[in-house]
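Remarks on the overall topology
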Amino acid sequence: MAYNITLIPGDGIGPEVIGAARKVIDASGVDISWEIVEAGAISNKNLGTPLPNYVINSIKKNKIALKGPVTTPIGEGFKSVNVTLRQNLNLFANIRPIKSYEGIESIHKNVDFVVVRENTEDLYTGIEHMVGEDAAESIKIITKDASERICRFAFELARREGRKKVTLVHKANIMKLSDGLFLRCGKEIAKEYTDIEFEDIIVDAMSMKLVQNPQNYDVIVAPNLYGDILSDLSAGLVGGLGLAPGANIGEDIAVFESVHGSAPDIAGKNIANPTSAILSGVMMLKYIGEERVAKKIENALAETLKDKGTIDLGGNLGTEEFAQEVIKNLK
Ligand code: ATP
Ligand code: MG
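Quick caveat: nothing in here was measured; it's all calculated off a predicted structure.

Remarks on helix 1 (residues 14-27)
- Here helix 1 is 14 residues long and its end C-alpha atoms lie 20 Å apart, about the 20 Å a rise of 1.5 Å per residue gives.
- Along helix 1, the positions that sit buried rather than exposed are Gly-14, Glu-16, Val-17, Ile-18, Ala-20, Ala-21, Arg-22, Val-24 and Ile-25.
- Directly beyond the C-terminal end of helix 1, a positive phi value near 100 degrees is found at Gly-29.

Right, dumping it as structure tokens:
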């Protein structure tokens, strides 16, 4: 049976890295019927909107999407395309696996953890206003429902992936009500998962510990802002943006996308690293239950990275050539 999956090439390096990921996935033997939809700069030029309804409708219909970076046009009246997508589809969990690969120069080796970031509230609801002329106020929203949902998600992920520990990150010593609630919810949920170790830590201490000993972590769960910052920090520990995949997950819809943006400085030159897009595809295949194919691609990728890479990794392969090497290593 073929899977129907929405493919959004996106902007900048998007079409190149998504094109490469698609070729690798198609070569792996899994039967996918891609529904290709344009969003971002192209649809803005042709249709006057960076997020046409057909994009949302296609994802709602297929339930699964592989997405390139989509930029939001600068100027009045444009809300972030990515934030709008997450809200419209209620993609409440943002997942970013952080993993070392052999052959990659990086600050740390043998790192393997997952950042689970709450994706719908905290300081990202965008509710802010001026208080007079010389002060501004941003509202931080933390709810019991969203906190319990993301903590449960983190424990379920730990169980599914055979991981041993969940570390909850907060600043409840200062934000006693909001972060205090998040922490309380985590502690409550942890009681249901006695097979998994639970600890909590304040975000400043966590930043130091992650830089010093990232090998100590397994699953990290955090409210939106801390999760955002810690996941970029973590990507930096294992080799950078070209390697970091991600997923936005909701109740029954999931959108897989690299952590990086459109990188206009290197777009159209066949030099972008498609690894993060390919690994986002690997996450997608695991999600739809194609574990075996996902593993096959990840192994081929790891094999390729051992002695070859794109320019950002100090290698000399182009985007396309790198993808071809991965395809050669599929077995
Ligand atoms: P956006 O506004 O869409 O986020 P950006 O200019 O911030 O775009 P990012 O994609 O966030 O660009 O990445 C920052 C820089 O990291 C890029 O300018 C690029 O040089 C580098 N980079 C990002 N992704 C990749 C990649 N896949 N391969 C190689 N280099 C990359
Ligand atoms: Mg960026």
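Here the narrative resumes, following the displayed structure.
Some remarks on the site of ligand 1
- With respect to spatial proximity, 17 residues lie near ligand 1, and among them Gly-242, His-260, Gly-261, Ser-262 and Asn-273 are the closest.
- Of the residues belonging to the shell around ligand 1, the class tally is 8 nonpolar, 7 polar and 2 charged.

Digging into the nonpolar core
- By size, the foremost hydrophobic cluster in this structure holds 83 residues, and its most contacted members are Ala-21, Val-116, Ala-154, Val-219, Ile-220, Val-221 and Ile-278.
- With 7 residues, helix 9 (residues 275-287) is the largest single contributor of residues to this core.
- Residues lining this core come from more than one domain, with at least three contributed by each of domain 1 (1-99 + 242-331) and domain 2 (107-237).
- With near-sequence residues (within four places) excluded, Ala-21 lies in contact with Leu-66, Pro-274, Ala-277, Ile-278 and Gly-281.

With respect to the environment of Gly-261
- Position of Gly-261 among the secondary structure elements: in the loop between strand 12 (254-257) and helix 9.
- For the pair formed by Gly-261 and Gly-68, sequence separation is 193 residues and the distance between their alpha carbons is 8.3 Å.

Section: the domain arrangement of the chain
- As assigned here, the chain comprises domain 1 (1-99 + 242-331) and domain 2 (107-237).
- Tallying the contact residues gives 13 residues for domain 1 and 18 residues for domain 2.
- Sort the elements by how many residues they give to the side of domain 1 that touches domain 2 and strand 4 (residues 93-99) lands first, with 7 residues.
- Counted by class, the side of domain 1 that touches domain 2 contains 8 nonpolar, 2 polar and 3 charged residues.

So, how was this worked out
Residues numbered from 1 in each chain as written. Chains lettered and ligands numbered in written order. Predicted model: local features only at pLDDT ≥ 70, side-chain atom pairs only at ≥ 80, totals over all residues. Helix = DSSP H or I, 4+ residues; strand = E, 2+ residues; numbered from the N terminus. Expected span 1.5 Å × (residues − 1). Buried ≥ 20, exposed ≤ 12 C-beta atoms within 10 Å, placed from the backbone. Near = placed C-beta within 6 Å. Nonpolar A, V, L, I, M, F, W, Y, C, P; charged D, E, K, R; others polar. Core = buried A, V, L, I, M, F, W, Y, C linked by C-beta atoms within 7 Å. Domains from an automatic or database assignment. Contact = placed C-beta atoms within 7 Å.

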